[in-house]
Amino acid sequence: MPNWANSDRRNRLPSDWDARRKKRFRIDDFRCTWENVYDERCTGPAEECDHHIPNDDHSIENLRSMCSFHHGQKSGKEGADARAANWRRNNSKFRRAEKHPGEL
Ligand SMILES: [Zn+2]
């Protein structure tokens, strides 16, 4: 089950999402657009449409074709980054100002 399965993302997609998705797949030659550090493109098929900048910008320019594997990897990393940012934000609220009594 993908990470976004329980999110409300699907409800926030535009009514012509399927057409946009297909248009992006056509632009990307129906292939995944993920590239490794040597600029070599993935040979997997375009199976999912990724939001390049993760937000509600559903314009063709912000969409990228990806295979399920790379989309899952990217979405998983974005989720982990969001959780880490949240943790840092909460952690800074409760940071101790005084020194530990054992500290010299
Ligand atoms: Zn791929």
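Residues numbered from 1 in each chain as written. Predicted model: local features only at pLDDT ≥ 70, side-chain atom pairs only at ≥ 80, totals over all residues. Heavy atoms only, no water.

Enquirer: Where do I start with the overall build of the protein in this structure?
Expert: Counting its regular elements, the protein contains three helices and two strands. When the helices and strands of the protein are read in sequence order from the N terminus, they spell out α-α-β-β-α. Computed over its C-alpha atoms, the radius of gyration of the protein comes to 19 Å, more than 25% above the 13 Å expected for a compact globule of 104 residues. Structurally, the protein occupies a C-alpha span of about 65 × 35 × 25 Å along its principal axes. (Helix = DSSP H or I, 4+ residues; strand = E, 2+ residues; numbered from the N terminus. Rg over C-alpha atoms; globule rule 2.2 N^0.38 Å.)

Enquirer: Please explain the environment of H70 as it appears in this structure.
Expert: Along the chain, the position of H70 falls in helix 3 (residues 68–93). Residues within four places of H70 in sequence aside, it is in contact with C32, W34 and C42. (Contact = heavy atoms within 4.5 Å.)

Enquirer: Is there a simple way to explain the coordination of the zinc ion in this structure?
Expert: Within the protein, the zinc ion binds to C32 (SG), C42 (SG), C67 (SG) and H70 (ND1); these donor distances fall in the range 2.0 to 2.4 Å. In this structure, the zinc ion is coordinated by four donor atoms arranged in tetrahedral fashion, with angles at the metal of 100 to 118°. Along the chain, the residues donating to the zinc ion fall in the pattern C-x9-C-x24-C-x2-H. Residue C42 is found in the loop between helix 2 (17–27) and strand 1 (48–51), and its partner H70 is found in helix 3; the two are separated by 28 residues along the sequence. The two residues C42 and H70 agree in class, both being buried. (Donors = N, O, S within 2.8 Å, 3.2 Å for Na, K, Ca; no water. Tetrahedral: all angles 85-135°; square planar, octahedral: opposite > 155°, others 65-115°. Buried < 20%, exposed > 50% of the residue type's maximum accessible area, 1.4 Å probe, protein only.)

Enquirer: Help me understand the side chain of D50, please; the structure alone is not making it clear to me.
Expert: Here D50 lies in strand 1. Within the structure, the side chain of D50 is placed 2.9 Å from the side chain of K74, a separation counted as a polar contact. Not counting the four nearest positions on each side in its chain, D50 is found in contact with N62, L63, R64, M66, H71 and K74. (Polar contact = N/O pair within 3.5 Å; in protein donor to acceptor, adjacent residues only side chain to side chain.)

Enquirer: Sorry if this is basic, but what is going on with the nonpolar core here?
Expert: Taken as a class, soluble globular proteins show a tendency for nonpolar side chains to be buried jointly. Core analysis: the largest hydrophobic core is formed by six residues, namely L13, W17, F25, A46, C49 and L63. For W17, the contacting residues outside a window of four places in its chain are C49, H51, H58 and L63. (Core = buried A, V, L, I, M, F, W, Y, C linked by side-chain atoms within 4.5 Å.)

Enquirer: Would you explain helix 3 in this entry?
Expert: The periodicity of an α-helix, 3.6 residues per turn, causes residues three or four places apart in sequence to face the same way. Given a rise of 1.5 Å per residue, 26 residues ought to cover 38 Å, and the 38 Å separating the end C-alpha atoms of helix 3 matches this to within 8%. For helix 3, every residue scored as buried is listed here: H70, H71 and S75. Residues of helix 3 that are buried sit in contact with strand 1 and strand 2 (63–66). (Expected span 1.5 Å × (residues − 1).)

Enquirer: Would you mind showing me how to read helix 2 here?
Expert: Of the residues making up helix 2, those classed as buried are W17, R24 and F25. Projected down its long axis, helix 2 shows its buried positions confined to an angular sector of 100°, all on one face. Of the exposed residues in helix 2, those oriented more than 90 degrees away from the buried face are A19 and R26. Where helix 2 is buried, its residues touch strand 1 and strand 2. (Arc of directions from axis to C-beta.)

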